[in-house]
Amino acid sequence: MTLVVLEDGGTVTITDAALAQIVVQAAEAVEGARVRRQRRRLEIAVADGHASVELELAVAYGRVLPDVAREVQRRVADALTRMCGLDVDAVDVAVEELDR
């Protein structure tokens, strides 16, 4: 999952932990969304400048689940594109629980 960008003056390495933080912070910026901590499944695949993400969410009870999930998809893709220069092919979201 580590992203290495080759530049003329050297390399830039973005670690697995940093990529995961970008995804979690982007997802949790959506009102009512929380990336599950227990048994958290967060997978990020990076190859040839492309990324795909799988994550599990808890969503606040009463929120419209598809709307929250779509906004998480949008924000995660935007953050990875903006911050890492990746083309995001997919952000797969599973709503696994509801928060009160």
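Basis of the calculations
Residues numbered from 1 in each chain as written. Predicted model: local features only at pLDDT ≥ 70, side-chain atom pairs only at ≥ 80, totals over all residues. Heavy atoms only, no water. Helix = DSSP H or I, 4+ residues; strand = E, 2+ residues; numbered from the N terminus. Expected span 1.5 Å × (residues − 1). Buried < 20%, exposed > 50% of the residue type's maximum accessible area, 1.4 Å probe, protein only. Arc of directions from axis to C-beta. Core = buried A, V, L, I, M, F, W, Y, C linked by side-chain atoms within 4.5 Å. Pairing = 2+ DSSP bridges. Right-handed = clockwise from strand over helix to strand, strands pointing away. pLDDT = per-residue confidence, 0-100. Axes fitted to C-alpha atoms, helices over the stretch in contact; angles between N-to-C directions. Parallel < 35°, antiparallel > 145°, perpendicular 65-115°, else oblique. Left-handed = near helix turned anticlockwise from the far one by under 90°. Contact = heavy atoms within 4.5 Å. Nonpolar A, V, L, I, M, F, W, Y, C, P; charged D, E, K, R; others polar.

K.L.:
Which residues make up helix 2 (residues 65–84), and what values go with them?
P.N.:
Taking 1.5 Å per residue as the helical rise, helix 2 with its 20 residues ought to reach 28 Å, and the 28 Å between its terminal C-alpha atoms agrees with that figure. When helix 2 is considered as a whole, its buried residues turn out to be Val68, Ala69, Val72, Val76, Ala79, Leu80 and Cys84. Projection of helix 2 onto a plane perpendicular to its axis shows the buried side chains occupying an angular sector of 95°, all on one side. Once helix 2 finishes, Gly85 follows within two positions and takes phi at roughly 70°, a positive value.

K.L.:
Let's hear about helix 1 (residues 16–28): which residues, and what values?
P.N.:
Its 13 residues place the ends of helix 1 18 Å apart at the C-alpha level, agreeing with the 18 Å of an ideal helix rising 1.5 Å per residue. Buried residues of helix 1: Leu19, Ala20, Ile22, Val23, Val24, Ala26 and Ala27, and no others.

K.L.:
How would you sum up the nonpolar core? Please name residues and give values.
P.N.:
Nonpolar side chains in soluble globular proteins generally cluster together in the buried interior. Core analysis: the largest hydrophobic core is formed by 27 residues, its most contacted members being Val53, Leu55, Val72 and Val76. A per-element tally of this core places helix 1 first, with 7 residues.

K.L.:
Lay out the pairing of strand 6 (residues 87–99) in plain terms, naming residues and giving numbers.
P.N.:
Two elements, strand 5 (residues 50–60) and strand 6, share 11 bridges in a ladder whose sense is parallel. Note that in strand 6 the partner of Glu54 across the bridge is Asp92. Regarding the hand of the β-α-β motif, the stretch spanning strand 5, helix 2 and strand 6 is right-handed.

K.L.:
Give a detailed account of the confidence of the model for the chain, specifying residues and quantitative values.
P.N.:
Any residue range with low pLDDT should be treated as having predicted coordinates unsuitable for detailed reading. Taken over all residues, the pLDDT of the chain has a mean of 91, while the share at 70 or more is 94%. Here strand 1 (residues 3–7) stands out as the element of the chain with the lowest mean pLDDT, 71, in contrast to helix 2, whose mean of 97 is the highest.

K.L.:
Give a detailed account of the packing of helix 1 against helix 2, specifying residues and quantitative values.
P.N.:
In contact at an axis separation of 8 Å, helix 1 and helix 2 are set at 140° when each is read in the N-to-C sense. In this view, helix 1 runs oblique relative to helix 2, as classed from their interaxial angle. Taken as a pair, helix 1 and helix 2 cross one another with a handedness that is right-handed. Facing Leu19, Ile22, Val23, Ala26 and Ala27 of helix 1, the residues of helix 2 in contact are Val72, Arg75, Val76, Ala79, Leu80, Met83 and Cys84. Here the residues of the contact of helix 1 with helix 2 are counted per class, giving 11 nonpolar, no polar and 1 charged.

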